[in-house]
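# Structural description and commentary
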Amino acid sequence: MKEFALFRGCTTPVRLPSYEASVIAVLRKLGINLVEMEDTNCCGSQYIESINHTAFAAMSGRLLAIGEKMGMDILAICGACSGAMKTVKHELDHDKKLRKEVNEILAEEGLEYTGKSEVKHLLQIFSEDIGYTAIREAIVRPYNGIRLSAHYGCHVTRPEEIVQVDDAENPTIIDKIIEIAGGTAVDYVGKTRCCGGPMLGMNVGLAGRIGRDKIENIRAENVQGIITACEFCNLQLTQVQFDDEASNLSKIPVMTLPQFLGPALGIDFDSLGIEMNKISPQPIIQG
Amino acid sequence: MNEVIELNQRNNQSQYTPSSAFSKEIEKTPGGEDIQHCIQCGMCTASCMVANMEEQYRPRKLIQKILLGMREEVLRSELPWLCMTCRHCEERCQEDVSLAEIFHAVRILAAREGHIPSNVQNVIDTVLEDGWMLKDGYSDMIEDDRDDLGLTTDLGWNNEFTKKIKKRYIDGGNKK
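Keep in mind the model is a prediction, meaning the values are calculated, not measured.

## Topic: the overall build of chain A
For chain A, the count of helices and strands is 14 helices and 8 strands. For chain A, the C-alpha radius of gyration of 19 Å lies close to 19 Å, the compact-globule estimate for 287 residues. Taken along the three principal axes of its C-alpha coordinates, chain A extends 55 × 45 × 30 Å. Among the 287 residues that make up chain A, the fraction classed as buried is 60%. In chain A, the proportion of contacts linking residues at least 24 apart, taken out of those at least 6 apart, comes to 79%.

This is the structure in structure tokens:
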């Protein structure tokens, strides 16, 4: 059985534990075992990254070194964490001075970055390590053509040359898996636009306007749900539907890709935390 | 045909004037390396959801201000902190300029001179003190949810490393 070191990140374990549980359950079903990383720190994305570059490189660099110590490649399920670790890996692989600096700090606790461990986002595990054929073969309870829209997450897919997940301008991994699971993948205006989540730390009102614009673009296509690949996007696209400024129309359920895929693989709802979703996904599950 | 060849040859090599002392300073800061390639076409502003929703925010204009050397105005402004680093603009930029990276460089210089928006500073302080962002948000109720899902309730975050990072790089003027 293939193994990966799972980096949970800050937000998933606290704000969306059902995502973590779904990732573990679905990947196990598809032949991938996850070992959760211990003694970790924040990846430094966005906040530390904005004030000191070496500090940022050291924080993500330490996570990469922990993966190496475990002898495994790293799976990051958050867009920001996967983007940060991939960016820092790219830099440490190309900037000897930075690598030396980071390794001096890591050596104080017996860690070292050598570049052995790869970092993958969840979408890559599906498309590269499991593959669409194996997913198709594992479907036991296909959806019945339900219309769903994919939201990929900016830091999951960009910058394309560094993260190497999907075509950044026309990503298709989530759409393919929606179709394999028996759904109908539906495009919408501004599919690759941001959910507004990264704006929450600066201006909540502005973040809400950006998120709701996306919701309304999706609503215009008359779909039953939104499928995401990052907990931050998932939380933001859910939360903006509860804002005072949100439309009075019915709320569109938002599910992470593994939580959506789980039932089609025959995984029980409790293991996927389906009851914990703030907007009930029953219209998708029953659909 | 000649025109096509000319365009290809230009590619990423050209620099465009004006280029101020401030833009050279940005160029030497991690992330700012490509600023001189900006041709001020405005594709970034046209692609930007923040600009779409907030009329104060115009990424092209911010880059223009850097190129023109309006150092104090840019470093004291909160506008460079509004970039979501979604990189929608840079996928489309014909000169491969990354505004997310340039605004990181701007923020690094601004931070060195003490201009960090207070809500950003609060998150930074939390991360460096606790080792992660959501220690205070991790309630008993969430622990119960994790338990129900068969997940570990001990998240085992390390804060010794971030404290070390703070001492080495953040306190005392961010020298590195």
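## Points about the overall build of chain B
The secondary structure content of chain B amounts to 11 helices and 0 strands. Out of the 176 residues belonging to chain B, those deemed buried represent 35%. Put simply, of all contacts in chain B between residues at least 6 apart along the chain, 64% involve residues at least 24 apart.

## Observations regarding the domain arrangement of chain A
Residue and element names in this part refer to chain A. Segmentation of chain A into domains returns domain 1 (2-121) and domain 2 (141-282). The C-alpha-based centres of domain 1 and domain 2 are spaced at 24 Å. If you look at the interface, domain 1 gives 24 residues, while domain 2 gives 26 residues. Of all elements in the fold, only α1 (11-15), α2 (17-29) and α4 (79-94) reach the threshold of two or more residues within the side of domain 1 that touches domain 2. Of the residues forming the side of domain 1 that touches domain 2, the biggest block, 9 residues, is contributed by α2. Taken together, the residues of the side of domain 1 that touches domain 2 sort by class into 10 nonpolar, 11 polar and 3 charged.

## Quick word on the packing of helix α3 (residues 53-70) of chain A against helix α11 (residues 160-170) of chain B
Between α3 of chain A and α11 of chain B, the shortest axis-to-axis distance is 10 Å and the interhelical angle comes to 160°. The pairing of α3 of chain A with α11 of chain B is recorded here as roughly antiparallel in orientation. Once α3 of chain A is placed against α11 of chain B, the crossing between them reads as right-handed. Only Phe-161, Thr-162, Ile-165, Tyr-169 and Ile-170 of chain B of α11 of chain B make contact with α3 of chain A, whose side of the interface consists of Thr-54, Ala-55, Ala-58, Met-59 and Arg-62 of chain A.

## Focus on the interface of chain A and chain B
Each side of the interface is counted separately: chain A has 46 residues, and chain B has 50 residues. Where the side of chain A that touches chain B is concerned, the elements lending two or more residues are α1, α2, α3 and α11 (204-219) of chain A. The residue inventory of the side of chain A that touches chain B, partitioned by class, reads 23 nonpolar, 13 polar and 10 charged.

## Concerning unusual backbone geometry
As a rule of thumb, non-glycine residues mostly have phi less than zero, and peptide bonds are mostly trans rather than cis. In the segment running from Arg-158 of chain A into Pro-159 of chain A, the intervening peptide bond is cis, with an omega of -5°. Mapped onto the elements of the fold, Pro-159 of chain A is located in the loop between α8 (154-157) and α9 (160-163). Positioned with a positive phi, Arg-87 of chain B is a non-glycine residue whose angle comes to about 65°. Looking at where Arg-87 of chain B falls in the secondary structure, it is placed in the loop between α6 (71-76) and α7 (88-92).

## Remarks on the sheet that holds strand β6 (residues 184-185) of chain A
Residues and elements named next belong to chain A. The 4 strands lie next to each other as β6-β5-β7-β8, forming an open sheet whose pairing is parallel. Two strands close off the open sheet at either side, each with one partner strand: β6 and β8 (254-256). The pairing of strand β5 (residues 147-151) with strand β7 (residues 225-228) spans 4 bridges and is parallel. Of the residues in β7, the one forming a bridge with His-151 is Thr-228. Here helix α12 (residues 231-239) sits on the sheet and contacts β5, β7 and β8; the angle it forms with β8, its principal contact strand, is near 170°.

## Brief notes about α11 of chain B
Those residues of α11 of chain B not exposed but buried are Phe-161, Thr-162, Ile-165, Lys-166 and Tyr-169 of chain B. The buried residues of α11 of chain B occupy an angular sector of 140° when projected down its axis, which confines them to one face. In α11 of chain B, the exposed positions angled more than 90 degrees off the buried face are occupied by Glu-160 and Lys-167 of chain B. On its buried face, α11 of chain B is in contact with α3 of chain A together with α9 (118-130) of chain B.

Rules behind the numbers
- Residues numbered from 1 in each chain as written.
- Chains lettered and ligands numbered in written order.
- Predicted model: local features only at pLDDT ≥ 70, side-chain atom pairs only at ≥ 80, totals over all residues.
- Helix = DSSP H or I, 4+ residues; strand = E, 2+ residues; numbered from the N terminus.
- Rg over C-alpha atoms; globule rule 2.2 N^0.38 Å.
- Buried ≥ 20, exposed ≤ 12 C-beta atoms within 10 Å, placed from the backbone.
- Contact = placed C-beta atoms within 7 Å.
- Domains from an automatic or database assignment.
- Nonpolar A, V, L, I, M, F, W, Y, C, P; charged D, E, K, R; others polar.
- Axes fitted to C-alpha atoms, helices over the stretch in contact; angles between N-to-C directions.
- Parallel < 35°, antiparallel > 145°, perpendicular 65-115°, else oblique.
- Left-handed = near helix turned anticlockwise from the far one by under 90°.
- Pairing = 2+ DSSP bridges.
- Arc of directions from axis to C-beta.

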